[in-house]
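Okay, here's what each chain looks like letter by letter:
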Amino acid sequence: MATLYEQDVYAWALEQAELLRAGKLNKLDLEHLAEEIESMGKSERRALIHQLNRLLIHLLKWDHQPERRSRSWRLTIQDAQIKVNRLLKDNPSLKASLPELMNEAYDDARRAAAIETDREPQEFPEHCLYNFEEAMRFQPSEH
């Protein structure tokens, strides 16, 4: 017979919260609770990688296609920087992993920038030329 967790995660989550608040710790679904808590942490990590990826794609495009620079690219760079800062404010422990996360995001950004610019991935540096601080300080100008 399927458990509430398998049938309706939302209802299960509400039930678990109610049990926690009532102090009924012996009735908690500890295995699934641990799994869900771990999943929440991974979700925050993925969200940060996604925003770093957006930032790096547009920095690569900015550097490799100066003739196509646009207001849209500037806004995307600034938006990604804002969202990265927000994610780090909410999850400061992720700061310790920034070099690794930048590398992970760069691998995907390099491929995406190649597709978006109709270039070969080898035309972009194999390793990220921007460290985190440089990427976050970058302020694209009008021209």
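Coordinates for the structure precede this section.
Throughout what follows, the structure given in this document is the object of discussion. (Residues numbered from 1 in each chain as written. Predicted model: local features only at pLDDT ≥ 70, side-chain atom pairs only at ≥ 80, totals over all residues. Heavy atoms only, no water.)

## Notes on the nonpolar core
Step number 1: With 31 residues, the main nonpolar core has Leu-48, Leu-52, Leu-56 and Phe-132 as its most contacted residues.
Step number 2: Residue assignment for this core shows that the elements contributing at least two residues are α3 (30–64), α4 (71–90), α5 (98–117) and α6 (132–137).
Step number 3: Discounting chain neighbours no more than four positions away, the residues touching Leu-52 are Val-84, Leu-98, Leu-101, Met-102, Ala-105 and Phe-132.
Step number 4: Ranked by size, the runner-up nonpolar core spans 5 residues in total, among them Tyr-5, Trp-12, Leu-19 and Leu-33. (Core = buried A, V, L, I, M, F, W, Y, C linked by side-chain atoms within 4.5 Å. Buried < 20%, exposed > 50% of the residue type's maximum accessible area, 1.4 Å probe, protein only. Helix = DSSP H or I, 4+ residues; strand = E, 2+ residues; numbered from the N terminus. Contact = heavy atoms within 4.5 Å.)

## Some words on the environment of Asp-63
Step number 1: Considering the arrangement of structural elements, one finds Asp-63 in helix α3.
Step number 2: The class of Asp-63 is partly exposed, set by a relative accessible area of 38%.
Step number 3: Once the C-alpha coordinates of Asp-63 and Pro-92 are considered, the two residues, 29 residues apart in sequence, prove to be 30 Å apart.
Step number 4: Residue contacts for Asp-63: discarding those within four places in its chain leaves Arg-69 and Tyr-130.

## Focus on the packing of α3 against α5
Step number 1: At a closest axis distance of 7 Å, the pairing of α3 and α5 adopts a crossing angle of 50 degrees. The angle between the axes of α3 and α5 places the two elements in the oblique class. The crossing of α3 and α5 is right-handed.
Step number 2: Across the contact of α3 with α5, the residue classes break down as 14 nonpolar, 2 polar and 7 charged. (Axes fitted to C-alpha atoms, helices over the stretch in contact; angles between N-to-C directions. Parallel < 35°, antiparallel > 145°, perpendicular 65-115°, else oblique. Left-handed = near helix turned anticlockwise from the far one by under 90°. Nonpolar A, V, L, I, M, F, W, Y, C, P; charged D, E, K, R; others polar.)

## Things to note about unusual backbone geometry
Step number 1: Despite not being glycine, Asp-118 has its phi angle at roughly 60 degrees, a positive value.
Step number 2: Along the chain, Asp-118 falls in the loop between α5 and α6.

## Some points on the environment of Arg-137
Step number 1: Summarising the element assignment, Arg-137 is placed in helix α6.
Step number 2: A sequence separation of 56 residues divides Arg-137 from Gln-81, and the C-alpha atoms of the two residues are 8.5 Å apart.

## Quick look at the pattern of salt bridges
Step number 1: Under the definition given, this model contains 6 salt bridges.
Step number 2: Among the ionic pairs, Lys-83 bridges to Asp-79, the shortest N-O distance being 3.1 Å. With Lys-83 and Asp-79 both in helix α4 and 4 residues apart, this pair spans about one turn of that helix.
Step number 3: We classify Lys-83 as partly exposed; its relative accessible area is 32%.
Step number 4: Exposure remark for Asp-79: the relative accessible area of 24% places this residue in the partly exposed category.
Step number 5: For Arg-111, the salt bridge identified is with Asp-108, shortest N-O distance 2.5 Å. Separated by 3 residues within a single helix, Arg-111 and Asp-108 lie in helix α5, roughly one turn from each other.
Step number 6: Overall, the relative accessible area of 46% leaves Arg-111 in the partly exposed class.
Step number 7: Taken together, the salt bridges that share partners define one network made up of Arg-45, Glu-100 and Glu-104. (Salt bridge = Lys/Arg side-chain N within 4 Å of Asp/Glu carboxyl O.)

Any link to function would need more than the numbers given here.
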